[in-house]
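Structural features, examined
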Amino acid sequence: MSPRFHHCYELDPSVISSDIAGQIFLKPKRAQPFYSRHPWVFAGAIERIEGEPADGAAVDVRSHVGNFVARGLFNSQSKIQVRLYSWDETAVFDREFFKARLERAISFRHDLLHLNTGPNAAYRVAFSEADQLSGMVVDRYGEYLTVQFTSLALAERRVMLGELLMELLGAKGVYLRTEKGIGKLEGVVLQDGLLCGEMPPAEVVIEENGLKFAVNLSEGQKTGYYLDQRDNRTAVAEFAKGKRVLDAFSYSGGFGVYAARAGAVEVECVDASEPALKLAERNAELNGLSVMKFHKSDVFTRLEELAIEGRKFDIIVLDPPKFARDRAAIPEAIKGYRRLHALAVKLLDANGIMVSCCCSGLITMDMLEDVIGQVAVVAKRDIQVFERRGPSADHPVAVSCREGSYLKCILSRVV
Ligand code: SAH
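I will try to describe carefully the structure that is included in this document. Note that the coordinates shown come from a computational prediction; the quantities given were computed from them, not determined experimentally. (Residues numbered from 1 in each chain as written. Predicted model: local features only at pLDDT ≥ 70, side-chain atom pairs only at ≥ 80, totals over all residues. Heavy atoms only, no water.)

Turning next to the nonpolar core. In terms of nonpolar packing, the biggest core is built from 37 residues, with F98, M136 and F149 touching the most fellow members. Those elements that provide at least two residues to this core are α2 (95-112), β7 (122-127), β8 (136-141), β9 (144-149), α3 (152-156), α4 (158-169), β10 (173-177) and β11 (193-197). Per-element accounting of this core gives the leading share, six residues, to α4. In this structure M136 touches L102, A126, F127, S128, V147, Q148, F149, T150, L154, L161 and L165, once residues within four positions along its chain are discounted. In terms of nonpolar packing, the next biggest core, distinct from the first, is built from 34 residues, Y141, V215, A240 and V257 among them. (Core = buried A, V, L, I, M, F, W, Y, C linked by side-chain atoms within 4.5 Å. Buried < 20%, exposed > 50% of the residue type's maximum accessible area, 1.4 Å probe, protein only. Helix = DSSP H or I, 4+ residues; strand = E, 2+ residues; numbered from the N terminus. Contact = heavy atoms within 4.5 Å.)

This is the structure:
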């Protein structure tokens, strides 16, 4: 994208001061995680607050004896009372600071990963804690960007951040997406809408590994497209030539489109959402892929139907939404994954490939392998795990905040 300059629509962001408005003293023995650069200071670790920092203001976090630990942004309405952005006592959270952070994130994608940066490029520009920007996610779709805020303090700085993004990436527009429930968690009052520049068109066509995908930035799920599965789609497509493929929980058909281009003889996309399947159909059309079929249904119901019909597949992709939102939901989630895998195994022909994706951060790779193991026993089939994968490299994890690790993708052969 060529450099352009646009102003955002709201007030001058300089009203947000970068002065240190408070001192947060930690309880004894509670400073270690923050010396280790974990960015979330929960209320339970705080002993007392000096000063009266407003929500969104800059504060210093100190050990109980008063030693400087880190500098962050305060929010009394969140369980995460301080999000830490710097371990340098001289840091100032001004425009230059955030510009440098965004440049660091962009440089990782452009200079190290060498991602396509052409006019139809699509990648994650910044990924919250992983890019030392706790509470901000930026995705690029061609000449437009989406931004999501999960921190009140960064949401308050959205005009400055939006302008910086326009400037650094030469984008035509930045569209603000909000995640359900975040208003309550952080006290952020935001609505989806244009933040800077021009309104993106209803259909932005991006290119991923030579394939075209239609993305709707304002209405689509997540921020319009699942960028994190890019490399997993490529990995699955390796095996797809001449194969019958079932893309379960297909959304806009990512896995199915890759498999069809690789020469699959049959691809069925299943999703419960009508708009998702419309997008998948559009994507099949954009890439001239005629083997693709679409079925609007609950996946569990469809897998049962296919078994009754005696249908068989060579590759089944299972990419369900997050089943476990909190710790209490883990046992039910495991049951759900188990049922899903049990149904899939029945539909796989000899030596079929099962692709098990799981985007619940609370379910680990080991737990997912356990599910596959249990299903193998019940089905009396031998299953060999041969690839353990994660998200694409533009979705990194900060070693200091492994909570950011969420996507797992296991390829196994069902003998
Ligand atoms: N595989 C997709 C992303 C899947 S996101 C890709 O590569 O882009 C999960 C999808 O599951 C969503 O599209 C959602 O509509 C669908 N979904 C959720 N619950 C479902 C259910 N019980 N049956 C069918 N589809 C479901």
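This part covers the site of the ligand. Neighbouring the ligand are 15 residues, the closest being Q221, D271, D298, V299 and D319. Here R233 contributes a side-chain N or O atom positioned 2.9 Å from an oxygen atom of the ligand. D319 places a polar side-chain atom, nitrogen or oxygen, 2.7 Å from a nitrogen atom of the ligand. Here the ligand loses 87% of its free accessible area of 580 Å² to cover by the protein chains. Broken down by class, the residue content of the shell around the ligand amounts to seven nonpolar, four polar and four charged. (Near = heavy atom within 4 Å. Polar contact = N/O pair within 3.5 Å; in protein donor to acceptor, adjacent residues only side chain to side chain. Areas by Shrake-Rupley, 256 points an atom, 1.4 Å probe, with all protein chains shown as cover. Nonpolar A, V, L, I, M, F, W, Y, C, P; charged D, E, K, R; others polar.)

Here we come to the packing of aromatic side chains. All told, the structure shown has 12 aromatic pairs when counted by the stated rule. Seen in terms of ring centroids, Y85 and F98 are 6.4 Å apart; in terms of plane orientation they differ by 70°. Their pairing is edge-to-face. With Y85 in strand β6 (residues 80-86) and F98 in helix α2, this residue pair connects regions lying 13 residues apart in the sequence. Across the pair, exposure class does not vary: Y85 and F98 are buried alike. Ring geometry for F127 versus Y406: centroids 6.1 Å apart, planes at 80°, classification edge-to-face. One end of the pair, F127, is in strand β7; the other, Y406, is in the loop between β19 (383-389) and β20 (408-414), and 279 residues separate them in sequence. Comparing F127 with Y406 shows no difference in burial state: the two are buried. Three or more aromatic residues joined by ring pairs make a cluster, and in this case those are Y85, F93, F97 and F98. Here R124 stacks its cationic end above the ring of F127, 4.9 Å away from the centre of that ring. The ring of F255 has R233 lying over it, and the distance from NZ or CZ to the ring centre is 5.9 Å. (Phe/Tyr/Trp six-rings, centres within 6.5 Å; stacked < 30°, edge-to-face > 60°. Lys NZ or Arg CZ within 6 Å of the ring centre and 35° of its normal.)

Locating D298 in the fold gives a position in the loop between β16 (292-296) and α9 (299-308). Within polar-contact distance, the side chain of D298 engages the side chain of T301 at 2.9 Å.

We now examine the layout of surface pockets. Considering only enclosed or pocket space, the second largest pocket measures out at about 240 Å³ in volume. Surrounding the second largest pocket, 13 residues form its lining, R37, W87, E129, Q132 and S400 being those nearest its centre. Going through the elements one at a time, β6 and α2 are the ones with two or more residues in the lining of the second largest pocket. Residue contributions to the lining of the second largest pocket peak at three residues, all from β6. (1 Å grid on protein atoms, 1.4 Å probe; cavity = no way out; pocket = protein on both sides within 12 Å on 5 of 7 lines; lining within 4 Å. Points joined across faces, edges and corners; volume = space filled by probe spheres on them.)

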